[in-house]
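# Structural characterization, general
Listed here are the chains, written in short residue letters.
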Amino acid sequence: MYEKTLVIVKPDGVQRRMVGTLISRFEKVGLKIHAMRFVQATDEQSKAHYAEHVDKPFYPSLEAYITVGPALVFVLGGTGAIAKVRQLVGDTEPASALPGTIRGDYAHQPLERGSDRFLCNLVHASANTEDAEREVALWFGPDEVLDYAMIDDMYTGL
Ligand code: UDP
Ligand code: MG
């Protein structure tokens, strides 16, 4: 089934000048870009985006991380895109993310702040259909998510 999913190159990806590299990883597997914006996230946007984590001990570190500077927020589409993007992104913990995944190949080691594990892991990707719909609607208006045909969508000559 064709799906849309929300991806963020988090501020550590921007600071490490990895935006182009990371977009390229997703483009190369054939995912389609439907929307894209460079944003300075606010504390309120962080709380809405990470609603499931707001009460967790690591949340203050997570909010500080995601709002420390601009991030690139985008919507990718493709068949089974939600699971495919999660596979490409890899495990949340940089230490256990497999080589070949974005986090396995490039992510920082976790930073320790008191008892928090502060995981700088370069990218966010929606976890499931419900999260994807909620997160796309949080970051983009309906008119900003563009549907269009790619040249390979149009090719019927095989
Ligand atoms: N996070 C953290 N410490 C933790 C768990 C999560 O700093 O112990 C951060 C990390 O940046 C992670 C984000 O919170 O990517 C969201 O956590 P989640 O478990 O949803 O991981 P994800 O969906 O990003 O793989
Ligand atoms: Mg998550």
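This text goes with the structure placed above it.
It should be emphasised that the depicted structure is a prediction, and the values quoted were computed from it without experimental measurement.

For the rest of this paragraph, the subject is the environment of M1. Position of M1 relative to the elements: it lies in the segment before β1 (2–9). Relative accessible area serves as the criterion here: at 72%, M1 is assigned to the exposed category. The spacing of M1 and T79 is 78 residues in sequence and 5.2 Å in space, taken between C-alpha atoms.

So, about the site of ligand 1. Close contacts around ligand 1 come from 13 residues, with H53, T92, R117, L119 and N121 the closest. Here an oxygen atom of ligand 1 sits 2.8 Å away from a polar atom, N or O, in the side chain of H53. Residue T92 places a side-chain N or O atom 2.5 Å away from an oxygen atom belonging to ligand 1. For ligand 1, whose free accessible area comes to 500 Å², the fraction covered by protein is 87%. Placement of ligand 1 is best described as lying within the largest pocket. Mapped onto the shell around ligand 1, the elements with two or more residues apiece are α4 (59–66) and β5 (116–118). Counted by class, the shell around ligand 1 contains six nonpolar, three polar and four charged residues.

What follows concerns unusual backbone geometry. Backbone geometry follows two general trends: most residues other than glycine have a negative phi, and most peptide bonds adopt the trans configuration. Notably, R17 is not glycine yet its phi reads approximately 55°, a positive angle. Its location among the elements puts R17 in the loop between α1 (11–15) and α2 (19–28). Unlike most non-glycine residues, L122 shows phi in positive territory, near 70°. In this structure, L122 sits in the loop between β5 and β6 (123–125). In this structure L122 comes out as buried when scored by relative accessible area, which is 0%.

The buried fraction of strand β3 (residues 71–79) is high, at eight of nine residues. Where β1 meets β3, eight bridges bridge the pair, whose relative direction is antiparallel. When the sheet's bridge partners are listed, V7 is paired in β3 with F74. One ladder, built from seven bridges, connects strand β2 (residues 32–39) with β3; its direction is antiparallel. Across the sheet, R37 pairs through a bridge with V73, a residue of β3.

This part covers the sheet that holds β3. Taken in spatial order, the four strands make up an open sheet running β2-β3-β1-β6, and their pairing is antiparallel. At either end of the open sheet lies a strand with only one pairing partner, and these are β2 and β6. On average, each strand axis in the sheet is inclined to that of its neighbour by 20°, with strand direction left out of account. Each of β1, β2, β3 and β6 touches α2; the most contacted strand, β3, lies at about 10° to it. With respect to the sheet, helix α7 (residues 129–139) is in contact with β1, β2, β3 and β6, its orientation differing from that of β1 by roughly 55°.

Attention now goes to a nonpolar patch on the surface. On the surface, L146, Y148 and M150 cluster together to form a nonpolar patch covering roughly 260 Å² of accessible area. With respect to the helices, strands and loops of the structure, Y148 is situated in the loop between α7 and α8 (151–154). Given a relative accessible area of 35%, Y148 falls into the partly exposed group.

On to the pairing of β1. Counting buried residues along β1, six of its eight residues qualify, which places the element largely inside the surrounding structure. Relative to β6, β1 is paired through three bridges, and the arrangement is antiparallel. Each residue of the ladder has a partner; that of V9, found in β6, is V123.

What counts as what
Residues numbered from 1 in each chain as written. Chains lettered and ligands numbered in written order. Predicted model: local features only at pLDDT ≥ 70, side-chain atom pairs only at ≥ 80, totals over all residues. Heavy atoms only, no water. Helix = DSSP H or I, 4+ residues; strand = E, 2+ residues; numbered from the N terminus. Buried < 20%, exposed > 50% of the residue type's maximum accessible area, 1.4 Å probe, protein only. Near = heavy atom within 4 Å. Polar contact = N/O pair within 3.5 Å; in protein donor to acceptor, adjacent residues only side chain to side chain. Areas by Shrake-Rupley, 256 points an atom, 1.4 Å probe, with all protein chains shown as cover. 1 Å grid on protein atoms, 1.4 Å probe; cavity = no way out; pocket = protein on both sides within 12 Å on 5 of 7 lines; lining within 4 Å. Sits in = over half its atoms within 2 Å of the grid points. Nonpolar A, V, L, I, M, F, W, Y, C, P; charged D, E, K, R; others polar. Pairing = 2+ DSSP bridges. Axes fitted to C-alpha atoms, helices over the stretch in contact; angles between N-to-C directions. Contact = heavy atoms within 4.5 Å. Patch = residues over 30% accessible without salt bridge, like charges linked within 9 Å, V, L, I, M, F, W, Y side chains within 5 Å. Salt bridge = Lys/Arg side-chain N within 4 Å of Asp/Glu carboxyl O.

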